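# Coordinates in review
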Amino acid sequence: MPFLRTSLATFAALVLAGCSPASEPEAPETQPEAAIPFPTLTGELPAIVAHRGASGYLPEHTLPAFQLAFDQGADILEPDLMVSRDGVLIVRHDPYLSTSSDVADRPEFADRRRELMGREDWWVIDFTAEELQSLNARQVFEDRPQEYNDQFPIMTFGDFLDMVDGMQARCNCDIPVEPEIKLPAEHAAMGLDPLPILIAELEARGLNTEDSLVIIQSFDAPFLERLRPLTPLPLAMLHYGDAPGGDMNGYSLEQIAEFADAIGPYKGLLLNPDGSSTGYVERAHALGLVVHTWTHRDDRPSVIEGGTSDDELRALFALGVDGVFTDFPDTAVRIRDEMLRGE
C-alpha cells in the first residue's frame, strides 16, 4: 500500500513541521539530520498526542482540555468516539456515563439507568446526541483536580471538529486529529454501526481525502479491514496485549501491516522492566508501521522498574516511537526538548 505509506509520511511531516504552538529549540541551519536523537520511522521528531486532551489537568474530552493540550504544545489531538441512540458520534471514552458526567444528578434521566455489559449504569447508546450535550463532564480519576467538574458539556464529534476548525483559524496552522472508534462491533450489533456514520461525517467535512490530517484508530481489526477500502486516511491498529479485546483479534504484526499504516501498542509491550527494548518497535518499523504508544501519565507508576514517569518517556523516545499518547502534554514536550538539547 505505497500510497498509504506516503500519506502517513506526509501526515507525520506536517505534524512536526510547526503546527504546534510550543516553542522548540532552534537548531543551527547546518545541523545534520543525524543529530536528531530519535530513531523514528520517518526520521522526524516523535509526535506528542494529547490523550483525550490535557486530561491530567481538566475533565477529559472537553473543549478546555483540548485547548490546554494545544497550548501546552501537543502535536495531535485525540478524541474517543461512541455512538448515541440517534446515530451521532459522541466524544466519550466509556460506554457508560456515571463516572465521566453528572448524569446521576439529573432526575430527568433517572429511569435510563439499566444493566448492560454486566454493569448497572447510564449508557451513551440510550441517549440522543442532544440529551448527551446537556450533560456536563467530570474528571474520571479521583486523585486528579475535581474543581472543574460540571462546567463543560459533553461534545459530539461535530462539536470537536468545529472546535478544531476554530483553533486552526486562530493559530493559522493545521491541527492533526487521531480519533479512536470505541467498541465498533458492539455498536454494530445494536444497530448503530459507527462505520457509515464516521464516513458520512468525514465526507461532509471534506476530510475523507489522502491529504487530510486525520488518522483513525481502533482495537477492532475487522472494523479497520471494513474501513480500509472506504478511506485513503491512515489507519492505526491498537494493541494492549493478550487480553480479549486488546489482542489485535489474534492477528500478527505482519497481518496488521496488510491493511493498517500504524500500530498503537501499550507501552508495556515495548519496554522490558529494565527499560530496554522488547524488539516490538523494531519489528513494527521493519514492516513500515508507524508506532504511537499509550498512555504516559505523570501521576501513575512507570513501566520501568524503579523508574519515574520522566524515565519512561525518555526510554520510549529513545526506542524510536513515532508518537506518545499522554494525559500531560507539557511533560512530554519538555522531555522531548531536553533530549533534543542533549540533556
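Residues numbered from 1 in each chain as written. Predicted model: local features only at pLDDT ≥ 70, side-chain atom pairs only at ≥ 80, totals over all residues. Heavy atoms only, no water.

## Section: the overall build of the chain
Here is the rule: Put simply, DSSP marks the helices as runs of H or I at least four residues long and the strands as runs of E at least two long, and each gets a number from the N terminus on. Here's how the labels work: a residue is buried when its accessible area is under 20% of the maximum for its type, exposed when over 50%, partly exposed in between, all with a 1.4 Å probe on protein chains only. We call two residues in contact when some of their heavy atoms are within 4.5 Å. Accessible areas in this description were obtained via Shrake-Rupley with a 1.4 Å probe; residue shielding takes into account the shown protein chains only.
Helix and strand content of the chain: 11 helices and 12 strands. Counting all 343 residues of the chain, 55% fall into the buried class. Considering only intrachain contacts with a sequence separation of at least 6, the fraction spanning at least 24 residues in the chain is 70%. Surface summary for the chain: the accessible area is close to 13800 Å², and the carbon and sulfur share equals 52%.

## Details of the state of the cysteines
Here is the rule we go by: Here, the term disulfide refers to a pair of cysteine sulfur atoms separated by no more than 2.5 Å.
Here the structure, examined in full by the defined rule, presents one disulfide. The disulfide that involves Cys171 links it to Cys173, with 1.9 Å between the sulfurs. Between Cys171 and Cys173, the S-S dihedral sits near -80 degrees, and the bridge is therefore left-handed. Overall, the relative accessible area of 28% leaves Cys171 in the partly exposed class. Look at Cys173 and you get buried, because its relative accessible area is 15%.

## As for the pattern of salt bridges
For clarity, the threshold we go by: We define a salt bridge as a side-chain nitrogen of Lys or Arg found within 4 Å of a carboxyl oxygen belonging to Asp or Glu.
For the structure shown, the criterion picks out 27 salt bridges. Two residues, Arg228 and Asp261, come together in a salt bridge whose shortest N-O distance is 3.1 Å. Of this pair, Arg228 sits in the loop between α7 (221–227) and β9 (235–239) while Asp261 sits in the loop between α8 (253–256) and β10 (262–265), and the two are 33 residues apart along the sequence. Linked through salt bridges whose partners overlap, the residues forming this network are Asp143, Arg144, Arg297, Asp299, Arg300 and Asp327.

## Comments concerning the confidence of the model for the chain
This is how it is decided: Every residue is assigned a pLDDT by the predictor, reflecting its confidence on a scale from 0 to 100.
Per-residue pLDDT for the chain averages 92, and the proportion of residues at 70 or more is 90%. Low pLDDT (under 50) marks residues 1–10, which in the prediction has 26 contacts with non-local residues, meaning those over four places away or in another chain. When the criterion is pLDDT under 50, residues 12–34 qualifies, and its contacts beyond four places in sequence or with other chains add up to 34 contacts.

## Regarding the nonpolar core
For the record, the criterion: Put simply, buried Ala, Val, Leu, Ile, Met, Phe, Trp, Tyr and Cys residues joined by side-chain atoms within 4.5 Å make one nonpolar core.
Core analysis: the biggest nonpolar cluster contains 70 residues, and Leu77, Phe160, Ile216, Leu227, Ile263 and Phe317 have the highest contact counts within it. If sequence neighbours within four positions are ignored, Ile263 has contacts with Met237, Met248, Leu253, Ile256, Tyr280, Ala284, Leu289, Val290, Val291 and His292. Formed by 12 residues, the second largest nonpolar core is a distinct cluster that contains Val124, Phe127, Leu132 and Leu135.

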